[in-house]
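Fold and contact review
Residues per chain, in single letters:
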Amino acid sequence: MKIYDSLAVAIPEVLLPVPEIDLKKWAVIACDQYTSEPEYWQKVEELVGDSPSTLHLIYPEVYLNAPDREIRIARIQSAMKDYLKRGLFRQLSGLIYVERETAHGWRKGLLLCLDLDRYDYNPRATSLIRATEGTILERIPPRVQIREGAALELPHVMILIDDPENLVIGPATDHKSELTQLYDFDLMFDSGRLRGFLVQKPEVENMIITGLQRLAEASYFQKKCGVPEGTSLMLFAVGDGNHSLATAKTIWEKAKARSSNPEELWVSPLRYALVEVVNLHDESLVFEPIHRVLFEVKNPATLETQLKEFFQGQVVFQPFSDFESLKAAVKARKENEQIAGLIGPDSFQMLRFLKPTHNLTVGSLQSFLDDFLKRKEASGLDYVHGDDSLLNLSGKSLNNFGFYLPAMDKNQLFPTVILDGALPRKTFSMGEAWEKRFYLEARKLID
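Things to note about the overall build of the protein chain
Each helix and strand in the protein chain was counted, giving 14 helices and 24 strands. Computed over its C-alpha atoms, the radius of gyration of the protein chain comes to 22 Å, within 12% of the 22 Å expected for a compact globule of 447 residues. Looking at the protein chain residue by residue over its 447 residues, the buried ones come to 57%. A total of about 19000 Å² of accessible surface is found on the protein chain, and carbon and sulfur atoms cover 48% of it. Positive and negative charge centroids in the protein chain, built from 52 and 63 side chains respectively, lie 3 Å apart.

As structure tokens, this is what we get:
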């Protein structure tokens, strides 16, 4: 594996399914999607059946608290070894240029490895690779249980670079006709099309690395992000899959603690994580809000009162006749206004925070929700993508309530994280749920 140490980047050895495998059944959505919609995953299971598929190699998080968790994990790890033994993979060395069709165009990315030694998910990190949102530490142990001892890694992590001149991914796009096409197919359930190309030309790889080196220049970074001289460089920001990357980091730290051979650590596959890098300025990359749903609110009639009490009366409510009107009002907010929507089974209200407790609407609302759950006023909270899921879950029960949140301006991301630290958890989503990364490629973790 070729390593560019100063950039925390390595050129991966990638496993792809052999040509005779049906890629439409092989590739499935990231495991952390549709976590309150088991019917989606049941549809996937029905479509895939016993066919070779990444479904058999990942743990959909909708089942994370299922009583058969141990059995599922053992079955996943066994399937990984079985797929390797049966020769269902072919191995390639090199960067992979990816094009993914979404509702907003073709999102472009590069598959590479990142050095977990240079990643820190703590809120005030100054590392080269940083989390953009708060990491929930209690979510890491069950994910460690799944990954630890696994023979393969399948990436759904998407990493952002702040590259307004398109210096990094641009060379692959410009020279696409010279690259070897690896796949081109439609994803299941009308989730767009996926194309992949092997960057086998050294001159294209060199242009990509030169682009990353430019982004890593201190003066260029400081001017681009508008930060003071001496500010620690952030080259990579986690866009999607922060808890998966934090899990990989945890396992790497455990491996370091066990090893007494520095040379072994340098080449250990556990030191790296396979990720897709995407340019923040890609026109097809749209930041969508992540909405909230409270389940089984104990006293629905008092929810409005409890909101007022928590914010000491500094929140006002405005009713709307339908969801579309509410949505339009939230989107039309002024620059510094903090506004959200509250959706009950038969009601639509707008919340206006008069004296916000955080810089972002999501932070102000989350402070209330955390307190609400701590007092056991609801059975649970989920983070959902898309209007349909929000409305569906909010209307499933008289005691379920949804919160519609505005989208974040993606151009604020790098400066905000650099200067203020990680954002409140689940602040933004890179597209709707169906636009998330599908599992396709793999990488060996154990020889």
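Quick look at the layout of surface pockets
Space left empty within the atom packing is revealed by a probe, the size of a water molecule, rolled over the atoms. For the largest pocket, the calculated volume is near 890 Å³. Together, 43 residues line the largest pocket, and Asp 32, Thr 35, Glu 61, Arg 139 and Lys 426 are the ones closest to its centre. Among the secondary structure elements, those contributing two or more residues to the lining of the largest pocket are α4 (140–147), β14 (236–240), α8 (242–258), β16 (287–295), β20 (380–385) and α13 (387–394). For the lining of the largest pocket, the element with the most residues is β20, which contributes five residues. Residue composition of the lining of the largest pocket, grouped by class: 16 nonpolar, 14 polar and 13 charged. The space that makes up the second largest pocket amounts to roughly 740 Å³. Around the second largest pocket sit 28 residues that line it, and Gln 338, Asn 359, Leu 360, Thr 361 and Gln 412 are the ones nearest its centre. Going through the elements one at a time, α12 (361–374) and α14 (413–420) are the ones with two or more residues in the lining of the second largest pocket.

A look at the packing of α4 against α8
Relative orientation of the contacting elements α4 and α8 amounts to 70°, with a least axis distance of 9 Å. Between α4 and α8, the crossing angle belongs to the class labelled roughly perpendicular. α4 and α8 meet at a crossing whose hand is right-handed. Across the interface between the two elements, Ile 140, Arg 143, Val 144 and Arg 147 of α4 pack against His 243, Ala 246, Thr 247, Ala 248, Thr 250, Ile 251 and Lys 254 of α8. Its residues assigned to classes, the contact of α4 with α8 comprises five nonpolar, three polar and three charged.

Thoughts on helix α11 (residues 323–331)
Of the positions making up α11, those classed as buried are Phe 323, Leu 326, Lys 327, Ala 329 and Val 330. Axial view of α11: buried residues confined to an arc of 160°, hence all on one face. Exposed residues lying more than 90 degrees from the buried face of α11 are Glu 324 and Lys 331. By the N-cap criterion, in which a side-chain oxygen at the helix start approaches the backbone nitrogen of a residue two or three places on, α11 is capped by Asp 322, the distance to Glu 324 being 3.2 Å.

Here we look at the nonpolar core
Phe 236 and Leu 413 are the most contacted members of the largest nonpolar core, which totals 66 residues. Per-element tally for this core: the top contributor is α8, with six residues. By size, the runner-up hydrophobic cluster in this structure holds 56 residues, among which are Val 14, Ala 30, Leu 92 and Ile 146.

Overview of empty space enclosed by the protein
In this structure the tally under the stated criterion is five cavities of 30 Å³ or more. The computed volume of the largest cavity comes to approximately 410 Å³. In this structure, the largest cavity is lined by 26 residues; those nearest its centre are Ile 146, Arg 147, Leu 154, Ser 244 and Tyr 439. The leading source of residues in the lining of the largest cavity is α8, at four residues. Here the residues of the lining of the largest cavity sort into 19 nonpolar, three polar and four charged.

A few points about helix α2 (residues 38–48)
Of the positions making up α2, those classed as buried are Tyr 40, Trp 41, Val 44 and Val 48. Down the axis of α2, the buried set is contained in an arc of 90°. They therefore lie on one face. Taken together, the buried residues of α2 touch α1 (23–26) and β4 (28–29). Immediately downstream of α2, the backbone of Gly 49 shows phi near 60°, a positive value.

Some points on the pairing of strand β15 (residues 272–279)
Of all eight residues that make up β15, eight are buried, and the element is covered over most of its length. In β15, alternate side chains face the same way, and those of Tyr 272, Leu 274, Glu 276 and Val 278 on one face and Ala 273, Val 275, Val 277 and Asn 279 on the other are all buried. Direction of pairing for strand β7 (residues 105–115) relative to β15: antiparallel, over a ladder of seven bridges. Following the sheet pairing, Cys 113 is matched in β15 by Leu 274.

Details of unusual backbone geometry
Here the phi dihedral of Glu 296 falls at roughly 50°; this positive angle occurs in a residue that is not glycine. Mapped onto the elements, Glu 296 comes out in the loop between β16 and α10 (303–310).

Things to note about the environment of Leu 88
Tracing the backbone through its elements, the reader meets Leu 88 in the loop between α3 (69–85) and β5 (89–93). Judged by its relative accessible area of 10%, Leu 88 falls in the buried class. As for Leu 88 and Phe 295, which are separated by 207 residues in sequence, their C-alpha atoms are 42 Å apart.

Quick notes on the rules
- Residues numbered from 1 in each chain as written.
- Predicted model: local features only at pLDDT ≥ 70, side-chain atom pairs only at ≥ 80, totals over all residues.
- Heavy atoms only, no water.
- Helix = DSSP H or I, 4+ residues; strand = E, 2+ residues; numbered from the N terminus.
- Rg over C-alpha atoms; globule rule 2.2 N^0.38 Å.
- Buried < 20%, exposed > 50% of the residue type's maximum accessible area, 1.4 Å probe, protein only.
- Areas by Shrake-Rupley, 256 points an atom, 1.4 Å probe, with all protein chains shown as cover.
- Lys, Arg positive; Asp, Glu negative; His and termini not counted.
- Charge placed at Lys NZ, Arg CZ, Asp CG, Glu CD.
- 1 Å grid on protein atoms, 1.4 Å probe; cavity = no way out; pocket = protein on both sides within 12 Å on 5 of 7 lines; lining within 4 Å.
- Points joined across faces, edges and corners; volume = space filled by probe spheres on them.
- Nonpolar A, V, L, I, M, F, W, Y, C, P; charged D, E, K, R; others polar.
- Axes fitted to C-alpha atoms, helices over the stretch in contact; angles between N-to-C directions.
- Parallel < 35°, antiparallel > 145°, perpendicular 65-115°, else oblique.
- Left-handed = near helix turned anticlockwise from the far one by under 90°.
- Contact = heavy atoms within 4.5 Å.
- Arc of directions from axis to C-beta.
- Polar contact = N/O pair within 3.5 Å; in protein donor to acceptor, adjacent residues only side chain to side chain.
- Core = buried A, V, L, I, M, F, W, Y, C linked by side-chain atoms within 4.5 Å.
- Pairing = 2+ DSSP bridges.

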